[in-house]
Amino acid sequence: MPHFAVGLIVWTLIATTLQEGSHIFVASGHLIKAVPAPLIVHVLQMMARNVLIFAHHLVIVVLLYLLMSWPLHGSMLLAVPGFAILLTVLLGGSVALGMLCARFRDIGSAIVSGLQFVFFLTPIIWTEDSARGTAFYWLIRANPFATLLDLVRRPLLSQSTDAEQWLLGVIYATVVAVIGLGCYAKYRHRVAYWL
């Protein structure tokens, strides 16, 4: 139960942020045309709202701990850098997807459908151990969402994360942040014309 609950809470943050991020510039089109503010403000506002909702959902983890206590370790603090890596990925991804969907509106619905598919490929409603030794195990190892999810979930459940997961998380965050910053630097002046 704790594995599922924490996984679902983190996945909700990931999916909601990327779905809203893909439509953020279209949804804020009237403000973008009327108010001369940096586009990143709209993305940061959306992310702050989703982080606040995530914080409210963490109350469920506290209630679960009171019902089904698991050992508390100092390693639980590793959820903070894991969360920072996750937020970096979500920020870069939201900016890049927002720019892409502002230019090509039909991609937004494909992103929503794709995230629903990725949900079933990510160990949330099932455990990674249940797929070990099967032909589908490589899908878990190749799934960046599984790594990002585990960087937050495993420390919250007092489970260890290996160095490979942290390295992959930093690589994902760096790549997605560079893509997001590149899109923002190159296309931010064109977004108002695409809306």
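Keep in mind it's a predicted model, so treat the numbers as computed, not measured.

Novice: Honestly, empty space enclosed by the protein in this entry has me stumped. Any pointers?
Specialist: Leftover empty space is mapped by rolling, across the atoms, a probe with the size of a water molecule. Taken as a whole, this structure holds one cavity of 30 Å³ or more when the rule is applied. In this structure, the largest cavity is lined by E128, I140, R141, N143, A146, T147, D150, E164, Q165 and L168. At the level of elements, α8 (137-142), α9 (144-156) and α10 (163-187) are the ones that each hand at least two residues to the lining of the largest cavity. Considered class by class, the residues forming the lining of the largest cavity number three nonpolar, three polar and four charged.

Novice: Just to check I follow, could you spell out the environment of R49 for this structure?
Specialist: With respect to the helices and strands, R49 occurs in helix α4 (residues 40-67). When its relative accessible area of 41% is taken as the criterion, R49 is described as partly exposed. With 111 residues separating them in the primary sequence, R49 and S160 have C-alpha atoms 30 Å apart.

Novice: What am I meant to see in the nonpolar core here?
Specialist: When a protein is soluble and globular, its nonpolar side chains tend to lie buried together. Of all hydrophobic cores here, the largest spans 49 residues; its most connected members are V10, W11, I14, F25, L86 and M99. Among the secondary structure elements, those contributing two or more residues to this core are α1 (2-22), α2 (24-27), α4, α5 (79-103), α6 (107-121), α9 and α10. The element best represented in this core is α5, accounting for 11 residues. Sequence-distant contacts of V10, defined by excluding residues within four places in its chain, comprise F54, L86, L149 and V152.

Novice: Which parts of the structure should I look at to understand a nonpolar patch on the surface?
Specialist: On the surface, M1, F4, L8, L67, M68, F120 and I125 cluster together into a nonpolar patch covering about 730 Å² of accessible area. Looking at the element boundaries, L8 is found in helix α1. Judged by its relative accessible area of 31%, L8 falls in the partly exposed class.

Novice: Where do I start with the state of the cysteines in this structure?
Specialist: Simply put, disulfide is the name for a covalent bond between the sulfur atoms of two cysteines. The tally for this structure, following the rule as stated, stands at zero disulfides. For the unlinked cysteine C101, the closest cysteine sulfur is that of C183, found at 11 Å.

Novice: Before we go on, may I ask you to explain the layout of surface pockets in this structure?
Specialist: Looking at the largest pocket, its volume works out to about 270 Å³. In this structure, the largest pocket is lined by 15 residues; those nearest its centre are E128, D129, D150, R154 and Q159. Among the secondary structure elements, those contributing two or more residues to the lining of the largest pocket are α7 (128-131) and α9. Roughly 230 Å³ of volume is contained in the second largest pocket. Together, 14 residues line the second largest pocket, and L18, V89, G93, F145 and V176 are the ones closest to its centre. Contributions of two or more residues to the lining of the second largest pocket are made by α1, α5, α6, α9 and α10.

Novice: Explain the environment of L63 to me, please; I cannot follow it from the model alone.
Specialist: Along the chain, L63 turns up in helix α4. Separated by 34 residues in sequence, L63 and G29 have C-alpha atoms that sit 40 Å apart.

Novice: Help me understand the side chain of T17, please; the structure alone is not making it clear to me.
Specialist: Mapped onto the elements, T17 comes out in helix α1. A residue is classified by how much of its surface remains accessible, and T17, at 1% relative accessible area, is buried. In this structure the side chain of T17 is engaged in a polar contact, spanning 2.7 Å, whose partner is the backbone oxygen of L13. Here T17 is in contact with M46, M47, N50, L90 and S94, once residues within four sequence places are set aside.

Novice: Can you walk me through the confidence of the model for the protein chain in this structure?
Specialist: Residues shown with low pLDDT carry predicted positions that ought not to be read at fine detail. Chain-level pLDDT for the protein chain is 89 on average; 99% of the residues reach the 70-or-more range. Within the protein chain, the element-level pLDDT minimum falls on α7, averaging 72, and the maximum on α5, averaging 95.

Novice: Would you explain the packing of aromatic side chains in this entry?
Specialist: What the rule picks out here adds up to five aromatic pairs. Centroid distance W11 to F119: 6.0 Å. Interplanar angle 55°. Geometry classified as tilted. With W11 in helix α1 and F119 in helix α6, the pair connects residues that are 108 residues apart, well separated along the chain. Its relative accessible area of 5% is what places W11 among the buried residues. On the accessibility criterion, F119 (15% relative accessible area) is buried.

Reading guide: rules and limits
Residues numbered from 1 in each chain as written. Predicted model: local features only at pLDDT ≥ 70, side-chain atom pairs only at ≥ 80, totals over all residues. Heavy atoms only, no water. 1 Å grid on protein atoms, 1.4 Å probe; cavity = no way out; pocket = protein on both sides within 12 Å on 5 of 7 lines; lining within 4 Å. Points joined across faces, edges and corners; volume = space filled by probe spheres on them. Helix = DSSP H or I, 4+ residues; strand = E, 2+ residues; numbered from the N terminus. Nonpolar A, V, L, I, M, F, W, Y, C, P; charged D, E, K, R; others polar. Buried < 20%, exposed > 50% of the residue type's maximum accessible area, 1.4 Å probe, protein only. Core = buried A, V, L, I, M, F, W, Y, C linked by side-chain atoms within 4.5 Å. Contact = heavy atoms within 4.5 Å. Patch = residues over 30% accessible without salt bridge, like charges linked within 9 Å, V, L, I, M, F, W, Y side chains within 5 Å. Areas by Shrake-Rupley, 256 points an atom, 1.4 Å probe, with all protein chains shown as cover. Salt bridge = Lys/Arg side-chain N within 4 Å of Asp/Glu carboxyl O. Disulfide = S-S within 2.5 Å. Polar contact = N/O pair within 3.5 Å; in protein donor to acceptor, adjacent residues only side chain to side chain. pLDDT = per-residue confidence, 0-100. Phe/Tyr/Trp six-rings, centres within 6.5 Å; stacked < 30°, edge-to-face > 60°.

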